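Per-entry structural report
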Amino acid sequence: MYTAMNRSCAQWTRVLFLHNSRLSGGKQFPIETRGLASPPPPTNFSVGINKRQTDISDDGKTAVPSSASIGRRDPLDLSFDNAEAAFRSKTTLQILRAYLVFTLCSSNYLVENNMKLMKLGKKVLGKRLFKSLMKATFYGQFVAGENQQDIMPTIQRMRSFGVKSILDYSAEEDISAEEAAEKEMASCVSTTVAPDTAAIAVDPAANSPEADKRYHAHREFADRRQNVNSARTYFYLNEAQCEKNVDIFLRCIEAVSGTTQSTGFAAIKMTALGRPQLLLQLSEVIARSRRYFTEVTGLSADNNILQQNASPAIFEKRFEKADILTDNVAVQKWLQQMTYDQKGLIHLFSWSGLIDANILLNDLFKVPNLQTGRMEPLITALSPEEEEMACNMLRRLNTIFSAARDLDVRVMVDAEQSYFQPAISRLTMELMRKYNKEKAIVFNTYQCYLKETYNNVVLDLEQANRQNFYFGAKLVRGAYMEQERARALALGYEDPVNPTYEATTAMYEKTLLECLMRIKEMKTRTNERRIGVMVASHNEDTVRFALSKMEELGISAQDKVICFGQLLGMCDQISFPLGQSGYSVYKYVPYGPVDEVLPYLSRRAQENRGILTKIKKEKRLLVTELKRRLVKGQLFATPKGEYVPI
């Protein structure tokens, strides 16, 4: 415990030093061992989705940037077939490398055995030659560099061609499936004795075995990397490792602040910051609290309590009818601690207390038993050690987002499996409530392959509106579909995934359109920009849909409320033409030592193998650009950007 506290103090010392340096107008000097270059001088034109000071003119309306700050702008070819625009930022050698890498990704044998081949290559060639080979091929294509100093040229080059950066330190632990399963089961099973289910069965909300199967660990699916190609997986080792992960995320936030002129993002995963068991139990609490709400009020809470606009008075009447309210101080206190406004209940519990006041989980998640009037837990009992772990996880989240706010860096909380996601989303929304008061610092991620995504976004938008904070969202198709379907089938709960690819596309478009309609409504009513959305997609049709709806609704790129995102080394025919035509675009920029990003490179190879149609188009465009340069005598030309990202 004391070690964790000491590490936290060290982290806060660094954050406060950087923050005070910024406030005093002095230079921001990075920690010497990190190799972080001094940031470039700030520009006068603020960039981002947030309501930043330079985004707004004195009368509260969108400021019009000067022609000098806009830079070059090109017309956008919506076919995304413009090879010159796609690869204008690349040297001829980089184009040849991309063609080679995509060709290798088309080989089933190479992709299926890529980790074995990379390990063999390292053994045969030696560390130095293997490192050079990787930098000339896969590493050079998909990873920006080994450290914060190495990635600067890539970030600056992309920025000069209209594209900004999302930084992610992508070093991963390479462990076997058996090791992964052992770690997961050890970290997802409580050390306390399970409660007597007969004792709590009098409360219909407390147990629903079929539904709650989803929120318990099962060895068959303990290796969460199984059938997942496009997402990183963290396995819990101990609290010290979680503190190291905090330090990594803080360094990433510092890198964003120092290298992107406060226009970039950092990305984090909550499973890196604590014991996964806690996220499972919080997700289970959310499901149980909805059942309890229905039992007390008779109203459906299948999706969320907030949408029912139920008054706390409904609970008072039900408790009076059950004769458990009079002279029952505990029940009266519970009613007072509900989260509600004039429209009605927002939450049964004070989730803000977890983030702001370090309330213990065992104390917070209790409800009155309708038969006895006693306060009984909705959460499986936590040991004192597990309560401390929960406090540590919440402290780590506050450390990260306090640093992000102080350094003016936006942070995306990545989505994870559906059995973790209710807890992740709930905590992220509370972090938004706390840190998004003046601008959007915290962004939540929504996976549109899930059946409940649209409802979740609508409800989160409503909470942000009612509690008056900025809402940030990243929309993705999702990374865990195959795993989710297999798990639901094996464990006997409803498949959370949309039935078809077309249904997922429809969910994505419906969810995005809802966000756009809310943005339009707010723009018309108050001219405020309190909703920011990233369209994170490699699908050209999805990008075209977003652009057409923006035009239809009168939402311009200069409003800075919609941005687009793709992975580094992929779909350049989307990213760069968008950026060069004046839209806000980001590349997801991984970095880390060659040896430690091999699992990431393995996933990129597998992901590209799975989208052969898109690879064929990129290869065709690469060949087209090579031919153009050959004819124009530009094979040895040095790319020079004249664009300023919006």
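Here's what I pulled together on the structure shown here.

Criteria and cut-off values
- Residues numbered from 1 in each chain as written.
- Predicted model: local features only at pLDDT ≥ 70, side-chain atom pairs only at ≥ 80, totals over all residues.
- Heavy atoms only, no water.
- 1 Å grid on protein atoms, 1.4 Å probe; cavity = no way out; pocket = protein on both sides within 12 Å on 5 of 7 lines; lining within 4 Å.
- Points joined across faces, edges and corners; volume = space filled by probe spheres on them.
- Nonpolar A, V, L, I, M, F, W, Y, C, P; charged D, E, K, R; others polar.
- Helix = DSSP H or I, 4+ residues; strand = E, 2+ residues; numbered from the N terminus.
- Expected span 1.5 Å × (residues − 1).
- Contact = heavy atoms within 4.5 Å.
- Buried < 20%, exposed > 50% of the residue type's maximum accessible area, 1.4 Å probe, protein only.
- Pairing = 2+ DSSP bridges.
- Axes fitted to C-alpha atoms, helices over the stretch in contact; angles between N-to-C directions.
- Polar contact = N/O pair within 3.5 Å; in protein donor to acceptor, adjacent residues only side chain to side chain.
- Parallel < 35°, antiparallel > 145°, perpendicular 65-115°, else oblique.
- Left-handed = near helix turned anticlockwise from the far one by under 90°.

**Details of empty space enclosed by the protein**
The full count for this structure, using the stated rule, is six cavities of 30 Å³ or more. Roughly 60 Å³ of internal volume is contained in the second largest cavity. Residues of the lining of the second largest cavity, tallied by class, amount to seven nonpolar, one polar and three charged.

**Observations concerning helix α22 (residues 501-525)**
If you check α22, its first and last C-alpha atoms are 36 Å apart, about what 25 residues at 1.5 Å a residue would give, namely 36 Å. Packing partners of the buried residues in α22 comprise α20 (453-467), β9 (471-476), β10 (531-536), α23 (540-553) and β11 (562-567). Where α22 terminates, the next one or two residues include Asn527, which has phi positive at roughly 60°.

**Considerations on the environment of Ala488**
Position of Ala488 among the secondary structure elements: in helix α21 (residues 481-491). Among the residues examined, Ala488 registers a relative accessible area of 2% and is labelled buried. Residues Ala488 and Arg214, spaced 274 residues apart in sequence, show a C-alpha to C-alpha distance of 7.6 Å. With residues up to four places along the chain from it excluded, the contact list for Ala488 reads Tyr493, Glu494, Asp495 and Pro496.

**Some thoughts on the sheet that holds β9**
An order of β1-β2-β7-β8-β9-β10-β11-β12 is seen for the eight strands of this closed barrel, with the pairing classed as parallel. On average, adjacent strands in this sheet sit at an angle of 30° to one another, irrespective of strand direction. Relative to β11, β10 runs parallel, the two being bridged by four bridges. Of the residues in β11, the one forming a bridge with Met534 is Cys563. Taken strand by strand, α23 contacts β10 and β11, and its axis lies near 170° from that of β11.

**A few points about the side chain of Glu514**
For Glu514, the position within the fold is in helix α22. Each residue touching Glu514, except ones within four places of it in the same chain, is listed here: Tyr454, Val458 and Leu461.

**Observations regarding the environment of Thr259**
Assignment of secondary structure puts Thr259 in helix α12 (residues 239-259). Given a relative accessible area of 3%, Thr259 falls into the buried group. Considering only alpha carbons, one finds Thr259 and Gln148, 111 residues apart in sequence, at a separation of 8.2 Å. From its side chain, Thr259 meets the backbone oxygen of Ala255 in a polar contact 2.5 Å long.

**Quick word on unusual backbone geometry**
Despite not being glycine, Asn468 has its phi angle at roughly 60°, a positive value. Structurally, Asn468 is set in the loop between α20 and β9. For Cys571, which is not glycine, the phi dihedral falls at a positive 55°. Within the secondary structure layout, Cys571 lies in the loop between β11 and α24 (572-580).

**Points about the packing of helix α18 (residues 384-406) against helix α19 (residues 421-435)**
Packing of α18 against α19 leaves a shortest axis separation of 11 Å and a crossing angle of 40°. One way to sum up the angle between α18 and α19 is to call them oblique. For α18 against α19, the interelement crossing comes out right-handed. Residues Leu394, Leu397, Asn398, Phe401, Ser402 and Arg405 of α18 pack against Leu427, Leu431, Lys434 and Tyr435 of α19. Classifying every residue of the contact of α18 with α19 by side-chain character gives six nonpolar, two polar and two charged.

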